[in-house]
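The primary structure of each chain is shown beneath.
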Amino acid sequence: MPKNTQLKSILIIGSGPIVIGQACEFDYSGTQALRSLREDGIETILINSNPATIMTDPSMADHVYLLPLTTKSLVQILKEHPQIDAVLPTMGGQTALNLCIEADEKGIWEDFNVEIIGVDIDAINITEDREKFRELMLKIGIPMAPQATATSYLKGKEIAQEFGFPLVIRASFTLGGAGASFVYKEEEFDELLTRGLEISPIHEVMIDKALIGWKEYELELLRDANDNVVIICSIENMDPMGIHTGDSITVAPAMTLSDKTFQKMRDMAIHMMRSIGDFAGGCNVQFAVSPDENEDIIAIEINPRVSRSSALASKATGYPIAKIAAKLAIGYNLDELDNQITKSTSALFEPSLDYVIVKIPRWNFDKFEGSDRTLGLQMKSVGEVMGIGRSFQEALHKATQSLEIKRNGLGADGKGYTDYDQVLSKLKYASWDRVFVIYDAIQMGIPLSRIHEITKIDMWFLKQYEELYMLEKEISTFTIDTIQKDLLLEAKQKGYGDRQIAHMLNCLESQVYNKREELGVTRVYKLVDTCAAEFKAKTPYYYSTFENDVETTDGKRFAESESVVSDKKKIIVLGSGPNRIGQGIEFDYCCVHGVLAAAECGYETIMINCNPETVSTDFDTADKLYFEPVFWEHIYDIIKHEKPEGVIVQLGGQTALKLAEKLDRYGIKIIGTSYQSLDLAEDRGLFSNLLKENDIPYPKFDIATTADEAAAIADVLDFPILVRPSYVLGGQGMKIVINREELEEHVVDLLRQMPGNQLLLDHYLDGAIEAEADAICDGENVYIIGIMEHIEPCGIHSGDSNATLPPFNLGEFVMQQIKDHTKKIALALNTVGLINIQFAIKDDIVYIIEANPRASRTVPFISKAYGEPYVNYATKVMLGDKKVTDFDFNPQLKGYAIKQPVFSFNKFHNVNKQLGPEMKSTGESILFIDSLKDDEFYNLYARRKMYLSK
């Protein structure tokens, strides 16, 4: 059946601000869906309250509503757009589904004659109501773990008595495993049962017999109205049951499943999808498999929507699930659609992979002091990375190199654990760094059988680890001069970085690089083509690997690279790697706009990033995508291969910025602000000299490298003192100390965590007002795109503050100082592109806290509030294509816009929820108000008093 011609206008519900359990994978799926529907000439109306995303960019939908995700907002939109025919709620995670259900229960869709597409309400209710789901599964012959529903405390106690421990408690209608927990002992049961009942919006929990140690799998399915079903991807969790899939290391395709069991699992998944409702769209099914020869399969759950894993599966296979799911929702069948990668085959096919992908989550426990760092049923990670390689070992190494946690990969970097008891404890209580701990355990001589017994990780994975360690041992017996080509090639094929090989050979990274070049052990690039090279792919989406040479009939030896370099002038944009607190989706927004602007200036655009959740890693955002770690060795090889005009570093957050020094040292052109200026802004001493020369006030400060120096400085500066390490993002390690004991404790702690780091000690301006400005500068002219005043006082990290645009009570005298200082600093730093400056205002004097000559967290917010594409303008300035004076700036904002932070503290019990100089928010929403008399503004402002010490 071709497209339903009755559907002319569709409402899409977004997922709102980013929280743990629902991150930018839904921004990616929503963006794809919007583009997909517009291709078919359908009018799109979007509601989403998140200003940091590409999804809410004005270019994405015909009408974008940055409104709170409530039924009140839905009614407002439906009244303004009576032409809306249907709502697509499956692209915005649990938030969108819950809102859709609430609107359905209130009769809103019926009142406005709006059809729900892409899913049916019955399917949602069946899959969310665990009792109904269980009944249906048993009716259709799908095995489930023994489980029962409790809607009261007493009923829960009865079930526990019947099943015996260990048990799993899961709260109904929640996301990211909220309220879910393992219960090993009776003493813990009462508290965890009560918590689950409280967290569930319908006060219901499902109690399951725990399948401890079983293996866990996921399948991603698509189905059309003709009942064609395709399985896009099989994903195996390296971690056994008991760790939330969002916190699991996952591998695609499934590695340790027999073909017979895989076929059985496929049939079960298709049967489950067909039985839950008659709808066209995407589905994610999770299974547990017994870790014995029987391979018994038990269904865990099914989600009738695009899920967290759909983004991963899309990037892993090159099959854009959300894009196709949106087409199916409007009536197309799979056989009527093109494979988006080959353009010559149909979408009614199942991708085949001639490579392996490994996803590793990224955590931020350091931001949640006192949090329980063990992993379990409740998701705790804030982002993820994906590595692509020809083998599991190569993909695993590339994923660990992508994490940006100061590790060079598995082992061979001198940073492993060496304490036997600590390693055993970390294996037993799964922690964020267990991917490294397994290697440490093998290195320590703990037998694989013991590691398997403790972790229940399949022996196949452990043997892969063991092989890596054996290779490291072998290489360590050589020197850089004696190592042979075969051994060096094997190390590279298994993903070891040059830095790690240098560690093994006791030499410099550059020596390993030179040796590889000399022996011809060089990277080649392969296509992600959905069909294992069976058909020609039109989409340039690449990963790197190392191959043995092949010999042609005429005696030539070479390793084939599928990335053909054009003769066009090129620009590389460095992405921001995995999401984390302090560096999130706002940099994905900036990178995408940077790519589009460079294309408008006539450049071939090349994107390098390793985050599977983002729009920047979509196969058709840039002209070429290299899905690679944002890690020096990988980037340098791509630069040598592509020979670009230059590299843009100021759009990818601290990740890209940190590489500026290396790029500069290797003579690679940095587009926009130079490395020298970027470094000057980071170096507190040099930057203060610049402020002094320009007669700009700044808080008294000094630099310490030891606790003794810090104590001496404190005598001069006076308490309170703000202590912070240099070169960090999101206020990492920042703290306000009020006495000598606190100072000493914090300084010692920081120097232990970051040896050799310089610590900045500032006199803290107690009770000051904080403000910030973003500007675009071309080296001669400066245009301030926005000045924001924070509702919270100085001392609360800017990312955790409610930022109001324009300011609400800064007088003309103060505003003029902000404008003058911003222009002076931008020019003095020779800024070419974007700059963000933060100010503290006390007694009508504007002090400079810091300046960052790069895209900041607030640029997308200002762009949305004023309705102007500032990143596009800034990129054209960086490229020298335009001057600031060439743009016709025309900001449009009635009243005020407030950037409101959102926190995920509910994932961590007993943590310190107090806000301070270290950022803790995971996302943000935007609130528009007409005047300062608005109740919401009044409530926010009243809370300011909580933070003031006087």
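That block above? That's the structure.
Keep in mind the model is a prediction, meaning the values are calculated, not measured.

Rules used in this analysis
Residues numbered from 1 in each chain as written. Predicted model: local features only at pLDDT ≥ 70, side-chain atom pairs only at ≥ 80, totals over all residues. Heavy atoms only, no water. Helix = DSSP H or I, 4+ residues; strand = E, 2+ residues; numbered from the N terminus. Rg over C-alpha atoms; globule rule 2.2 N^0.38 Å. Buried < 20%, exposed > 50% of the residue type's maximum accessible area, 1.4 Å probe, protein only. Salt bridge = Lys/Arg side-chain N within 4 Å of Asp/Glu carboxyl O. Right-handed = clockwise from strand over helix to strand, strands pointing away. Pairing = 2+ DSSP bridges. Contact = heavy atoms within 4.5 Å. Axes fitted to C-alpha atoms, helices over the stretch in contact; angles between N-to-C directions. Phe/Tyr/Trp six-rings, centres within 6.5 Å; stacked < 30°, edge-to-face > 60°. Lys NZ or Arg CZ within 6 Å of the ring centre and 35° of its normal. Polar contact = N/O pair within 3.5 Å; in protein donor to acceptor, adjacent residues only side chain to side chain. Core = buried A, V, L, I, M, F, W, Y, C linked by side-chain atoms within 4.5 Å. Disulfide = S-S within 2.5 Å. Patch = residues over 30% accessible without salt bridge, like charges linked within 9 Å, V, L, I, M, F, W, Y side chains within 5 Å. Areas by Shrake-Rupley, 256 points an atom, 1.4 Å probe, with all protein chains shown as cover. Lys, Arg positive; Asp, Glu negative; His and termini not counted. Charge placed at Lys NZ, Arg CZ, Asp CG, Glu CD. Left-handed = near helix turned anticlockwise from the far one by under 90°. Nonpolar A, V, L, I, M, F, W, Y, C, P; charged D, E, K, R; others polar. Parallel < 35°, antiparallel > 145°, perpendicular 65-115°, else oblique. Arc of directions from axis to C-beta.

**Q** An account of the overall build of the protein chain is requested, with residue identities and associated values reported.
**A** Looking only at helices and strands, one finds 31 helices and 36 strands in the protein chain. Since a compact globule built from 950 residues should have a radius of gyration of about 30 Å, the 28 Å found for the protein chain is in line with a globular shape. Counting only C-alpha atoms, the protein chain reaches 80 × 75 × 60 Å along its principal axes. Going through the 950 residues of the protein chain one by one, you find that 65% of them count as buried.

**Q** Hey, could you go over the pattern of salt bridges for me, with residue numbers and the actual values?
**A** One pass over the structure, following the stated rule, counts 51 salt bridges. Measuring nitrogen to oxygen at the nearest pair gives 3.4 Å for the salt bridge that ties Glu918 to Lys367. Of this pair, Glu918 sits in the loop between β35 (896-902) and β36 (923-929) while Lys367 sits in the loop between β15 (356-362) and β16 (383-389), and the two are 551 residues apart along the sequence. You can call Lys367 buried: its relative accessible area is 3%. Asp715 is the partner of Arg740 in a salt bridge, and the nearest nitrogen-oxygen pair spans 2.7 Å. Of this pair, Arg740 sits in helix α27 (residues 740-753) while Asp715 is found in helix α26 (residues 707-717), placing the two residues 25 residues apart along the sequence.

**Q** Mind laying out the pairing of strand β1 (residues 9-13), listing which residues take part and the relevant values?
**A** Counting buried residues along β1, five of its five residues qualify, which places the element largely inside the surrounding structure. Every second residue of β1 is oriented toward a common face, with Ser9, Leu11 and Ile13 on one face and Ile10 and Ile12 on the other, all of them buried. Handedness of the crossover is the feature at issue here: the chain leaves β1, passes through helix α1 (residues 25-39), returns alongside strand β2 (residues 43-47), and the resulting connection is right-handed. Sheet analysis places β1 next to strand β4 (residues 86-88), joined by three bridges and oriented parallel. Looking across to β4, one finds that Ile12 is bridged to Leu88.

**Q** Report on the sheet that holds strand β3 (residues 63-65), specifying residues and quantitative values.
**A** Spatial ordering of the open sheet is given by β3-β2-β1-β4-β5, a layout of five strands whose pairing is parallel. The open sheet has two edge strands, β3 and β5 (115-116), and neither has a second partner. Relative to β5, β4 runs parallel, the two being bridged by two bridges. Bridging across to β5, Ala86 finds its partner in Glu115. Together, β1, β2 and β3 form the strand contacts of helix α2 (residues 71-80), whose direction differs from that of β2 by roughly 155 degrees.

**Q** Provide a residue-level description of the packing of aromatic side chains, including the pertinent values.
**A** For the structure on display, the rule yields 26 aromatic pairs. Over the ring of Phe436 we find Arg407, and its NZ or CZ is 4.4 Å from the ring centre. Sitting over the ring of Tyr603, Lys569 keeps its end group 4.3 Å from the ring centre.

**Q** Break down the side chain of Thr655 for me, citing the residues and quoting the values.
**A** Within the fold, Thr655 resides in helix α22 (residues 653-657). For Thr655, a relative accessible area of 3% translates into the label buried. A distance of 2.7 Å separates polar atoms of two side chains, one belonging to Thr655 and the other to Glu404. Among residues more than four places away in sequence, those in contact with Thr655 are Glu404, Gly575, Ser576, Gly577, Arg580, Gln583 and Val630.

**Q** Run through the nonpolar core, naming residues and quoting values.
**A** Nonpolar side chains in soluble globular proteins tend to be buried together. By size, the foremost hydrophobic cluster in this structure holds 166 residues, and its most contacted members are Ile10, Leu88, Tyr319, Leu574 and Val649. Among the nonpolar cores identified, the runner-up in size contains 55 residues, and Ile101, Leu257, Met265 and Ile270 belong to it.

**Q** Can you explain the state of the cysteines? Please cite residues and give values.
**A** If you walk through the whole model with that rule in mind, you get zero disulfides. Between Cys100, a cysteine without a disulfide, and Cys283, which holds the nearest cysteine sulfur, the sulfur-to-sulfur distance is 15 Å.

**Q** Just give me the short version of a negative patch on the surface, but keep the residues and values in it.
**A** On the surface, Asp702, Asp708, Glu709, Glu741, Glu742, Glu744 and Glu745 cluster together into a patch of negative charge. Structurally, the position occupied by Asp708 is in helix α26. The class of Asp708 is exposed, set by a relative accessible area of 67%.

**Q** Go over the packing of helix α16 (residues 459-475) against helix α17 (residues 485-493), please, and point to the residues and values.
**A** Contact geometry for α16 and α17: axes closest at 11 Å, N-to-C directions at 145 degrees. As for the relative orientation of α16 and α17, their crossing is left-handed in sense. Seen from α16, the contacting residues are Leu471, Glu474 and Ile475; seen from α17, they are Leu487, Glu490 and Ala491. A class-by-class count of the residues in the contact of α16 with α17 yields four nonpolar, no polar and two charged.

**Q** Run through α17, naming residues and quoting values.
**A** Buried residues of α17: Leu487, Leu488, Leu489, Ala491 and Lys492, and no others. At the C-terminal side of α17, Gly495 shows a positive phi close to 90 degrees.

**Q** Explain the packing of helix α20 (residues 585-600) against helix α30 (residues 870-878) residue by residue, including any values.
**A** Between α20 and α30, the shortest axis-to-axis distance is 8 Å and the interhelical angle comes to 55 degrees. Taken together, the axis directions place α20 and α30 in an arrangement best described as oblique. Where α20 crosses over α30, the handedness of that crossing is right-handed. Together, Tyr589, Cys590, His593, Gly594, Ala597, Ala598 and Glu600 of α20 and Val871, Asn872, Thr875 and Lys876 of α30 make up the contact between the two elements. Along the lines of polarity and charge, the residues of the contact of α20 with α30 split into five nonpolar, four polar and two charged.

**Q** Hey, could you go over the pairing of strand β6 (residues 147-150) for me, with residue numbers and the actual values?
**A** Side chains of β6 alternate between two faces, with Gln147 and Thr149 and Ala148 and Ala150 buried alike. When β6 meets strand β9 (residues 205-209), the two strands line up antiparallel, connected through four bridges. Counted as the bridge partner of Ala148 is Ile207 from β9.

**Q** How would you sum up the environment of Asp486? Please name residues and give values.
**A** Secondary-structure assignment places Asp486 in helix α17. According to the relative accessible area criterion, Asp486 is exposed, its value standing at 63%. Residues Asp486 and Leu519 lie 33 residues apart in sequence; the distance between their C-alpha atoms is 9.6 Å.

**Q** I'd like to hear about the sheet that holds strand β26 (residues 701-704), residue by residue, with values.
**A** Reading across from one edge, β26-β29-β27-β28 is the order of the four strands in this open sheet, with antiparallel pairing throughout. Whereas interior strands pair on both sides, the edge strands pair on one side only; in this sheet they are β26 and β28 (735-737). Taken over all neighbouring pairs, the strand axes of this sheet differ in orientation by 25 degrees on average, direction set aside. Pairing geometry for β26 and strand β29 (residues 759-763), over four bridges, is antiparallel. Within β29, the residue paired with Phe701 across the bridge is Asp762. Contacting β26, β27 (721-725) and β29, helix α25 (residues 684-693) runs over the sheet at an angle of about 160 degrees to β26. Contacting β26, β27 and β29, α26 crosses the sheet at an angle of about 170 degrees to β26.

**Q** Kindly report on helix α13 (residues 420-428), identifying the contributing residues and their values.
**A** Along α13, the positions that sit buried rather than exposed are Val423, Leu424, Lys426 and Leu427. Down the axis of α13, the sector holding all buried residues measures 165 degrees, keeping them to one side. Exposed positions of α13 whose direction lies more than 90 degrees from the buried face are Asp421 and Lys428. On its buried face, α13 is in contact with α14 (434-443) and α15 (448-455). If you check the start of α13, you find a side-chain oxygen 3.1 Å away from the backbone N of Asp421, and it comes from Asp419.

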